[in-house]
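# Structural description and commentary
Next come the chains, spelled out residue by residue.
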Amino acid sequence: MKLFTNGIMNYGRSTDREISFDADGNPMRKEEGNLRKVRVFIDALSEDKKGRYDDGRYTNASYEVSLDYDDVPAKFKPTDISIIHDRKGDLGSFTVQRIEFYDLTRTIVIWI
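Quick look at the structure, then. Predicted model only: the values in this text are computed from it and were never measured. (Residues numbered from 1 in each chain as written. Predicted model: local features only at pLDDT ≥ 70, side-chain atom pairs only at ≥ 80, totals over all residues. Heavy atoms only, no water.)

Here F94 lies in strand β7 (residues 89-95). Dropping the residues within four chain positions of it, F94 is found in contact with A61, Y63, T79, D80, I81, I83 and I112. (Helix = DSSP H or I, 4+ residues; strand = E, 2+ residues; numbered from the N terminus. Contact = heavy atoms within 4.5 Å.)

On to the sheet that holds strand β8 (residues 98-102). Strands sit in the order β7-β6-β1-β4-β5-β9-β8 across an open sheet of 7 strands; the sheet is antiparallel. Each edge of the open sheet is held by one strand with a lone partner, namely β7 and β8. Each neighbouring strand pair of the sheet contributes to a mean axis angle of 30 degrees, computed without reference to strand direction. (Pairing = 2+ DSSP bridges. Axes fitted to C-alpha atoms, helices over the stretch in contact; angles between N-to-C directions.)

Under the definition given, this model contains 4 salt bridges. With its nearest N and O atoms 2.7 Å apart, the salt bridge here joins R106 to D70. Residue R106 is located in the loop between β8 and β9 (107-111), and its partner D70 is located in the loop between β5 (56-68) and β6 (80-85); the two are separated by 36 residues in the primary sequence. A salt bridge links E100 to R98; the shortest N-O distance between them is 3.5 Å. With a relative accessible area of 29%, E100 lands in the partly exposed category. (Salt bridge = Lys/Arg side-chain N within 4 Å of Asp/Glu carboxyl O. Buried < 20%, exposed > 50% of the residue type's maximum accessible area, 1.4 Å probe, protein only.)

On to the pairing of β8, then. Along a regular strand, successive side chains alternate from one face of the sheet to the other. Examined bridge by bridge, β8 and β9 share 5 bridges and lie antiparallel to one another. Of the residues in β9, the one forming a bridge with E100 is V109. The loop that links β8 with its antiparallel partner β9 comprises 4 residues; one of these, R106, has a positive phi angle of about 55 degrees.

Written as structure tokens, this is what we have:
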């Protein structure tokens, strides 16, 4: 059974989106070594834009990310992931809070 997907999860050695500069001083994205991408289903558990700090606002969010066993290696245990929703765009980089492996449905669920 194939899982319905609505986004992409990036995981691997480098999921951060740091900016670096080329020889002319122009900004460019950092090379993302060994970064792996997989199609996933993203479900927002909480997503509010009520957060405030001195210079602006932030979004407080938590997500549940589901994916198929067959889409990742056997020793899959990421600590940080970034997710991109098909309609909402880049949702950001997150630290993995919990991973559950469901053998019966061959599904992995990640809480971030």
